[in-house]
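As a plain string of letters, each chain reads:
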Amino acid sequence: MRTLRINLDAIVHNLDVMRARASQAKVMGVVKANAYGHGAIEVARTLERAGVDYLGVADVNEALALRNAGIATPILAWLHDPADDFVAALSASVDLGVANRQQLARISAAAAITGVVAKLHLKIDTGLGRNGSTEAEWTQLLEEVKALGEAVSVVGIFSHLSTTSRTDDLAQIEKFDSAVAEVKKLGINFELRHLTASDGSLAYPDAHYEMVRIGVALYGLDPFSTNRASDYGLIPAMTAVSRVAQVKTVPAGHGVSYNFLHRTKAETNLALIPVGYAEGLPRSATGKAEVQIGTKRYPISSQVAMDQFVLDIGQDPIQIGDEVVIFGDSATGAPSADDLATACGTINYEIVTRMGGRFKREYFGAGL
Ligand SMILES: *Cc1c(COP(=O)(O)O)cnc(C)c1O
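What you are looking at is a predicted structure, and each value in this text was computed from that prediction instead of being measured. (Residues numbered from 1 in each chain as written. Predicted model: local features only at pLDDT ≥ 70, side-chain atom pairs only at ≥ 80, totals over all residues. Heavy atoms only, no water.)

(A) The overall build of the protein, seen in detail. Scanning the protein for helices and strands turns up 11 helices and 19 strands. By principal-axis analysis of the C-alpha atoms, the protein measures approximately 80 × 40 × 40 Å. Sequence-distant contacts, at least 24 apart, represent 66% of the contacts inside the protein between residues at least 6 apart. Surface summary for the protein: the accessible area is close to 15,800 Å², and the carbon and sulfur share equals 50%. In the protein, the 34 positive side-chain charges and the 41 negative ones have mean positions that sit 3 Å from each other. (Helix = DSSP H or I, 4+ residues; strand = E, 2+ residues; numbered from the N terminus. Contact = heavy atoms within 4.5 Å. Areas by Shrake-Rupley, 256 points an atom, 1.4 Å probe, with all protein chains shown as cover. Lys, Arg positive; Asp, Glu negative; His and termini not counted. Charge placed at Lys NZ, Arg CZ, Asp CG, Glu CD.)

The structure is reproduced here in structure tokens:
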């Protein structure tokens, strides 16, 4: 009744596109938040088979779920809660981002308990104002890392761009280089510097360092949300479809869905689609977005509800069971995630990541 079709071939293709862009640099496939709604385990397995160098997640728990599913590729988790289980993380060979001294202390305690050398990626806030060590505390953090000696191994130094403007990003790149210089000055060895996500990797080829962290582009979406993923050769991996659950004829002047935002102008037919905001279709799509049945677009002119929305299909020969494309690959003529995002005043990231509810994911491609 409601399906998210996930094209694993597209994900492999997008990995190749970004790998070619990254030339020498390693590629981390970012699979946080259930792989942006695409299904973390299936996507991680696909990326692993396609030879991705690293996987990236926010939470330790996301990393542990991948390890439990048999994923052996190096994984970095970087957004920690004081209750996160670093003992489990180290036992499962999960690399850990370090943003402050408290985290470092907890990780070193976990290293002592497990006897496992903690693999660290030290994160410097170069200006985004989010996760990461302040510049003021960076030296002290580095000194404490150094004092831990062989209990820890610094794999990476990383940061994250704001992509506010080129000037802002170049300032961050400069700060990143100084932060790295400080690491070297203290004689701390590391393997990988990584800074750019999808947007920065496309915009700043000189800032790929030894690794790039690619999320949204793997899913075939434009990181700038300007609906131009195909300009980079990326293919959208998610198509959200449903089926017409009911068709009925109603007279002129009939109200349709809550608040009667739509009233029929003449005798017409209404098609009921069983997808609502519980599935991640934003309520703000009401009156703004379009869906596709066959080759024709229909505006969502009535209120999107929790479980359903209704289309005024006029005299079109639509039947119960006909497929409705909520969004997909615009190359097939379907509305894109960007179209839906624009209609709802958000970005493609949020659209795909929030798809869920009663949707079932169906995978195809990549040797399945
Ligand atoms: C989510 C995230 C990424 C991936 O970003 P995309 O824009 O989806 O490529 C990379 N690095 C960090 C720190 C992130 O939080």
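Still more ground to cover, so stick around.
(B) Quick peek at the pattern of salt bridges. The final tally for this structure, using the stated rule, is 13 salt bridges. Here Glu 350 makes a salt bridge to Arg 354, at a shortest N to O gap of 2.8 Å. Of this pair, Glu 350 and Arg 354 both sit in helix α11 (residues 348-354), 4 residues apart, which is roughly one turn of the helix. Ionic contacts of the salt-bridge type, sharing partners, join the residues Glu 279, Asp 307 and Arg 358 into one network. (Salt bridge = Lys/Arg side-chain N within 4 Å of Asp/Glu carboxyl O.)

(C) Spotlight on the packing of helix α1 (residues 8-22) against helix α3 (residues 40-49). Running from N to C, α1 and α3 cross one another at 50°; their axes reach a closest spacing of 10 Å. As judged from the angle between their axes, α1 and α3 are oblique. The hand of the α1/α3 crossing is right-handed. For the pair α1 and α3, contact is made by Leu 8, Ile 11, Val 12 and Leu 15 and by Glu 42, Val 43, Thr 46 and Leu 47, respectively. Looking at side-chain class alone, the contact of α1 with α3 contains 6 nonpolar, 1 polar and 1 charged residues. (Axes fitted to C-alpha atoms, helices over the stretch in contact; angles between N-to-C directions. Parallel < 35°, antiparallel > 145°, perpendicular 65-115°, else oblique. Left-handed = near helix turned anticlockwise from the far one by under 90°. Nonpolar A, V, L, I, M, F, W, Y, C, P; charged D, E, K, R; others polar.)

(D) Highlighting helix α4 (residues 60-68). Residues Val 60, Ala 63, Leu 64, Leu 66 and Arg 67 constitute the buried set of α4. Mapping the buried residues of α4 onto a view down its axis gives an arc of 160°, with all of them on the same face. The exposed residues of α4 that point more than 90 degrees off its buried face are Asn 61 and Asn 68. Among the residues trailing α4, Gly 70 stands out with phi positive, at a value near 95°. (Buried < 20%, exposed > 50% of the residue type's maximum accessible area, 1.4 Å probe, protein only. Arc of directions from axis to C-beta.)

(E) Region of interest: the site of the ligand. Around the ligand, 14 residues are found, and the nearest of them are Lys 32, Tyr 36, Ser 198, Val 216 and Tyr 349. Separating an oxygen atom of the ligand from a side-chain N or O atom of Ser 198 is a distance of 2.5 Å. Arg 213 is positioned with one of its side-chain polar atoms (N or O) 2.8 Å from a nitrogen atom of the ligand. When the ligand sits alone it has 390 Å² of accessible area, and the protein chains cover 94% of it. Breaking the shell around the ligand down by element, the ones donating at least two residues are α2 (32-36) and β9 (211-214). Among the residues making up the shell around the ligand, the classes are represented as 7 nonpolar, 3 polar and 4 charged. (Near = heavy atom within 4 Å. Polar contact = N/O pair within 3.5 Å; in protein donor to acceptor, adjacent residues only side chain to side chain.)

(F) Structural detail: the domain arrangement of the protein. Domain annotation for the protein reports domain 1 (8-220) and domain 2 (238-364). Each of domain 1 and domain 2 has a C-alpha centre, and the two are 38 Å apart. Contacts between the two partners involve 10 residues from domain 1, matched on the other side by 8 residues from domain 2. Surface buried jointly by domain 1 and domain 2 totals about 880 Å² across both partners, of which 59% is contributed by carbon and sulfur atoms. On the surface where domain 1 and domain 2 come into contact, there are 0 salt bridges. Where domain 1 packs against domain 2, one counts 5 residue pairs in polar contact (both at pLDDT 80 or more). Listing elements by their share of the side of domain 1 that touches domain 2, those giving two or more residues are α1 and α2. Per element, the largest residue contribution to the side of domain 1 that touches domain 2 is 3 residues, and it comes from α2. (Domains from an automatic or database assignment. Buried area = accessible area lost by both parts, 1.4 Å probe.)

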